[in-house]
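Structural overview for review
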Amino acid sequence: MTDKQCPLCGELNPDDETICWKCGSSLDHRESVDLNPEEHQTPAELVDAFRKFDLETGQNEEVEGPSNSFSEGETFSPEEDEFWLKRMRELSLGDAEDSEDFDEPDHMDISDENIPPWLKAVDPTRKQEPAAEADEEWGDMRFDTSSGEVSRFSIESTDDRQEEKYAEISDELSEDELPGWLTRLTRSHVSSAEEKEEPAQEEITPTSDNQDWLHDLIGAQGEAKEKTPDEESSILEGGQAIQDVGEQGEAEEDDAFIFSLFSEPEDSAGGMEGVPPSEEEIEPGAQGFEGFSDALTSAKTEEVAFSAEEKPAADGPVQDEDESAEQMIDWLAEDQPASEPSDTETGPASEAEADEALGETYPEFPLAVGEETQDWSQVMESLDITESAIEEELPNWMSLQNEIMGEEAEISPEQLPGGEFVVDEAEQEPSPEMESAFEATMDSSFAASEALDAAAEAEAATEDEKVPPEISPDEARTDMPFKGEDLLAWMHDLREEEIKKAEGEGSAEAPPSKKEGIPDWFEEEEAASQEASEKEEVLERGDLPTWLSAIRPIEAVIPEDIKQLDEKKVEQAGPLAGLRAVIPAQEDAIHYGKPPVYSVRLQVSEKQRAHAAMLEDILDAEGQAPAEKRKRKTKSQYILRLFIALVILAAAVLPYFDIAVGSIPLNAGASSRLQAFSTTIDSIPQGATVLLGVDFAPGYSGEMNVVAGGVLARLMSRGIHIAVISTTPTGPALAEGLMDQTLSKMPDYAAQYAQPDWYINLGYLPGETASLKEFAQQPRQAVIYGMKAGLSNALVWDTAGLNGINKISDFSAVILVTENLENGRAWIEQVQPMMNDVPLLAASSAQSAPLLQPYVQSGQIQAILAGLPEGLVYGQQTQPAGSQDLAWSSYQNALLISILVILVGALVAGVISMFTGSKSSQEV
Amino acid sequence: MTLADIIWMLVSLLLTLLVLSYLFGDNPVFRITTYIFVGVAAGYVATIVLYQVMWPRILRPLLIGSFGERIFALIPLILGVLLLARLFPDISPLGTLPMSYLVGLGAAVTIGGSILGTIFGQSKGTFALFNLSAGTVPGNLLASLVMGALVLLGTITTLVYFQFTASQKGQQPVQRAHWIEVLSRIGQVFIVITLGALFAGVYLATIAALVDRVGFIRDVVVRLF
């Protein structure tokens, strides 16, 4: 089942649906309305087609009422015109379901915002609104459909009321507000309205009271010979446009419809010039004013082309009708910004000139049928309206229409909303009368539009895109109701000629035609917009702080590419189908782009970058060790060190050369510490077993051999079994050496203590602190084999000297021989608690004595023998006298020399520092 | 005096002189001597471990011991082998068990001994100084008290010296309390005296070593010549 495409919005709907799910429009196939002017004999036919076309339903409906068909020679009755205009209006408003029930008010209050003032003034039935309401853009312009009048700007009316209106309008609206040509036309109409009461001879007959002028214009086609065809056509078109505008009810459509008048150059003798196509000619499916606007726009285009073709000789080479159509319609633009900078003369003066020019050329507007009309082309020439100026000042809605008529018009008939406005421009061949009429009309409109454009351009320097000045006929839209290259060619040619004239003059000033005829209200509007833009420029931009600007994302600063309206692009769907330069709603609504990802890039300057690099280097250097500054060794320091060493060495050696030999003082052993140690050793009973813990380093063997040797000698002399154990690997070996040295000095005890019963070397006790604790608790399990057991299985505890030793407290005494605090502490902490009343003695070196003294004072160590002197003194008890004197002398001499060196060195250093300090202070 | 004794005596003399060559600064001769000492010590230790530990505690029970001795010997053997795994990064996690056992056991023994042997003992000894009834110095109660006070003062001030808790008041620099600063100054004196005493003891030990070596050289020279 194929889907149906909504003619209005273009959405796909199921085939069985009749109403579009999106926009609610009818999906029924609309019979195409051929709006090709060439297909219709007269404009009346086209109008009839429009009348039949139901914009709401998109179908051709038979409209009850007067005859809906226009045939050649058939004239419109006022009722018929009124009816189809009403019909159009009602459809645009969308109020009534049934057009027949539409109760047309006498005065349709069209929104003032959309109706230009000059158009409003054309409405003869329009109520005169107070002056206060003139603040709106289009002021108080109203179009009265019943009377066909536009308030404040009535075009023509034979009614006195209308005349009054005209007078009022003229009074209300200043010359600056209304284009001059329109004003003059109004006046002329008023003046001639009474005289001319000829009914419309052509197809379109004006209504009784308000559309006479329109029909007069239309009827002027039949009397084109009497008048200038251009003028007649322009009048008709203008009038018809105004009439249609009133029915439509919206200013934009009104204006657009006016253009459609110019797009019907084919109107023959009976045809309406500038009459919008009838409903018959309009393809079914066209809905609303969107399609109608397209028709109007295309009509404009064709009209421009037509007018251009009509005056090839006067206006120069024939230009493309499409381009001419766009350009010619530009003058009716609402908000057409000025784009050409060439126009300099602006303001009321230029506008007045334009009005004056138009007024002189067209003193009467609208002109009744048969009335002599001005040569619009001449007016255009006099006004010197350039084509480009008109294009640049083209308001949005007009530019959109230009797009529809413009270059890339490729909307197929099916794409158009509501139907197909297929107008084959090539087939359409305007009649000479039509051409002349169109040309005249277009001349006037062209001149006015250019004047308007020039004024607006001079006041507001906008940056809108410029409508390309020239539009080739090939670029003409194919969806216009009145398409036809021939139709628009004359209009385009006309525009081209005007442009060339304007360029040929080379005047920097805007052509007077641009200024003239531009209503003041338009200028005011441009001025207001210009002021707004200036105000924006006046505003000072805030200064961002440096730190904030540094972290501002660059992508946020870079202006996004403003999506420029592609004026060549023609909207293909939706209510704006056929228009140009339309903001694409459908595409943007569907396609969602990925949001931009802003990358925050810190903007740093070179200075900041250098500082950051410096900081990085500093931080990297933190992990690197500084390079050592190698001090240069000075010879003085080397000599001094050598001297001191030699002195001390000499002092130690001299006694051995019988120099400075001293003797141990007799009272050396009277120290309390030595006495306590001696007392404790002497309290050990003979035959007892004493445990000797040898835990000193080999480097201290010289001192410890002296200290421990005396103790061993004493123990040997008392006949005490000596058990040696060590927690250091070198201990057992050192113990053996100590024993051998002692025995060498006591040869009498050598043989006794050579036996294993008297001297038991328990060996190495691994585990340090933990093994000591184990040994203290279970000695036999801690030590199994002795030092001298070797690979034998002899148990060390089987010796006689260790009989009865099952625990640490079974020893008579424990003597600790150590040079460091850790070993001594380990024995004190692990073994001493298990010893109960067994004394713990210590034979230590001089360096550990101060550290072990607290333990002595605390009672954990009963006695201590520390240092070489005490050992030498204690050894005299067992050694023969004088055997220790050399050692004693050497020690004392070395010690004395050392003290002297220290004192002398300190003194010298102090003196030197005193002098250096004084020097530094003096230098400061 | 045998030839061996003479040889070893000469070797000892040579090594002693080589060590004394350090008097002229670091030199290769001195380094050779130190290297020899390290090597000899390592070899001697290895021998001691083999004869004093490996054989009697592991090898012998496994080889000729009873079943119970073998079981008891396997446990340390396995743990010892696992401990060797610490040398290889791939299997080092295997040595975590014996290592943890050793660390835990050592920590327990050390901590227990420190508390019972040092803290309690030293505290008891300090208190004993103020035992007017006992007195460390017999017959001199005042001296005992003074000594006790001195010891106590030194102990407290030394401990205060190592207290680094400080505060900042306003814009003033961070500093300790005034009374803490005073006590720390006194403790600093005691610490300085203690360090001096330690240095003196070390120097005395070195002098003693020098005297011993000088005497040895003299004896060797006398014996040779």
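The structure contained in this document is the topic of the report that follows. Remember, predicted model here, so these are calculated numbers, not experimental data.

Thresholds, definitions, all that
- Residues numbered from 1 in each chain as written.
- Chains lettered and ligands numbered in written order.
- Predicted model: local features only at pLDDT ≥ 70, side-chain atom pairs only at ≥ 80, totals over all residues.
- Heavy atoms only, no water.
- Contact = heavy atoms within 4.5 Å.
- Buried area = accessible area lost by both parts, 1.4 Å probe.
- Salt bridge = Lys/Arg side-chain N within 4 Å of Asp/Glu carboxyl O.
- Pairing = 2+ DSSP bridges.
- Helix = DSSP H or I, 4+ residues; strand = E, 2+ residues; numbered from the N terminus.
- Axes fitted to C-alpha atoms, helices over the stretch in contact; angles between N-to-C directions.
- Disulfide = S-S within 2.5 Å.
- Polar contact = N/O pair within 3.5 Å; in protein donor to acceptor, adjacent residues only side chain to side chain.
- Buried < 20%, exposed > 50% of the residue type's maximum accessible area, 1.4 Å probe, protein only.
- Core = buried A, V, L, I, M, F, W, Y, C linked by side-chain atoms within 4.5 Å.
- Patch = residues over 30% accessible without salt bridge, like charges linked within 9 Å, V, L, I, M, F, W, Y side chains within 5 Å.
- Areas by Shrake-Rupley, 256 points an atom, 1.4 Å probe, with all protein chains shown as cover.
- Bend = angle between axes of the 7 residues up to and from the residue.
- Right-handed = clockwise from strand over helix to strand, strands pointing away.

Okay, the interface of chain A and chain B next. Across the contact, 56 residues belong to chain A and 42 residues belong to chain B. With both sides pooled, the region where chain A packs onto chain B buries about 4100 Å², and carbon together with sulfur makes up 67% of that total. Ranking the residues of chain A by area buried against chain B places A:Tyr656, A:Tyr785 and A:Glu829 at the top, with a combined share of 14%. Along the contact surface separating chain A from chain B lie zero salt bridges.

Residue and element names in this part refer to chain A. Strand order in the open sheet made by the six strands is 9-8-7-10-11-12, with parallel pairing throughout. A single partner strand is all that each edge strand has here, and the edge strands are strand 9 (759–764) and strand 12 (863–866). Across the sheet, the mean angle from the axis of one strand to that of its neighbour is 15°, orientation sign disregarded. Both strand 11 (residues 840–844) and strand 12 contribute to a ladder of four bridges, which runs parallel. Bridging across to strand 12, Ser844 finds its partner in Ala866. Where helix 31 (residues 849–858) meets the sheet, its contacts fall on strand 11 and strand 12, and the angle it forms with strand 12 comes to roughly 170°.

We now examine the state of the cysteines. A full pass over the atoms with the stated rule returns zero disulfides over all chains. The structure places no disulfide on A:Cys9, whose sulfur is separated from the nearest cysteine sulfur, that of A:Cys20, by 3.5 Å.

Our next topic: the side chain of A:Thr680. Residues and elements named next belong to chain A. Looking at the element boundaries, Thr680 is found in helix 25 (residues 672–682). Among the polar contacts listed, one links the side chain of Thr680 to the backbone oxygen of Ala676, at a separation of 2.8 Å. With residues up to four places along the chain from it excluded, the contact list for Thr680 reads Pro839, Leu841, Gln862 and Ala863.

To continue, consider the pattern of salt bridges. All names here are of chain A. Under the counting rule described, the total for this entry stands at eight salt bridges over all chains. A salt bridge links Lys22 to Glu11, with the shortest nitrogen-to-oxygen separation between them at 3.5 Å. In this pair, Lys22 sits in the loop between strand 2 (12–13) and helix 1 (43–52) while Glu11 sits in the loop between strand 1 (4–5) and strand 2, placing the two residues 11 residues apart along the sequence. For Lys22, a relative accessible area of 47% gives the class partly exposed.

All names here are of chain A. Within the largest apolar cluster, 54 residues are counted, with the highest numbers of intra-cluster contacts made by Ile681, Val711, Leu715, Ile722 and Ile815. If one sorts the elements of this core by residue count, helix 26 (residues 701–718) sits on top with nine residues. Contact partners of Leu715, with chain neighbours within four places excluded, come to Ile681, Ile684, Val690, Ile720, Ile722, Tyr753 and Ile815. By size, the runner-up hydrophobic cluster in this structure holds 35 residues, among which are Leu765, Trp797, Val856 and Ile861.

This part is about a nonpolar patch on the surface. A contiguous nonpolar surface patch, about 660 Å² in accessible area, is contributed by A:Leu544, A:Trp547, A:Leu548, A:Ile551, A:Val600, A:Leu602 and A:Val604. Residue position: A:Leu544 is located in the loop between helix 19 (520–538) and helix 20 (546–550).

This part is about helix 2 (residues 28–64) of chain B. In helix 2 of chain B, a bend of some 60° at B:Trp55 exceeds every other bend along the element, and B:Pro56, a proline, comes one to four places later. Looking only at helix 2 of chain B, the buried set comprises B:Thr33, B:Ile48, B:Gln52, B:Val53, B:Trp55, B:Pro56, B:Ile58, B:Arg60 and B:Pro61. Close packing links the buried residues of helix 2 of chain B with strand 9 of chain A together with helix 1 (3–20) and helix 3 (67–84) of chain B. Among the residues of helix 2 of chain B, the N-terminal cap falls to B:Asn27, whose side-chain oxygen and the backbone nitrogen of B:Val29 are separated by 3.1 Å.

What follows is about the pairing of strand 8 (residues 721–726) of chain A. Residues and elements named next belong to chain A. Along strand 8, six of the six residues are buried, which leaves the element largely enclosed by surrounding structure. Residues His721, Ala723 and Ile725 line one face of strand 8 and the alternating positions Ile722, Val724 and Ser726 line the opposite face, and both faces are buried. With five bridges connecting them, strand 7 (residues 689–695) and strand 8 associate as parallel partners. Among the inter-strand pairings, Val690 is bridged to a residue of strand 8, identified as Ile722. Read as a crossover between parallel neighbours, the route from strand 7 over helix 26 to strand 8 is right-handed. With five bridges connecting them, strand 8 and strand 9 associate as parallel partners. Of the residues in strand 9, the one forming a bridge with Ile722 is Tyr759. A crossover links strand 8 with its parallel partner strand 9, the connecting element being helix 27 (residues 731–745), and its sense is right-handed.

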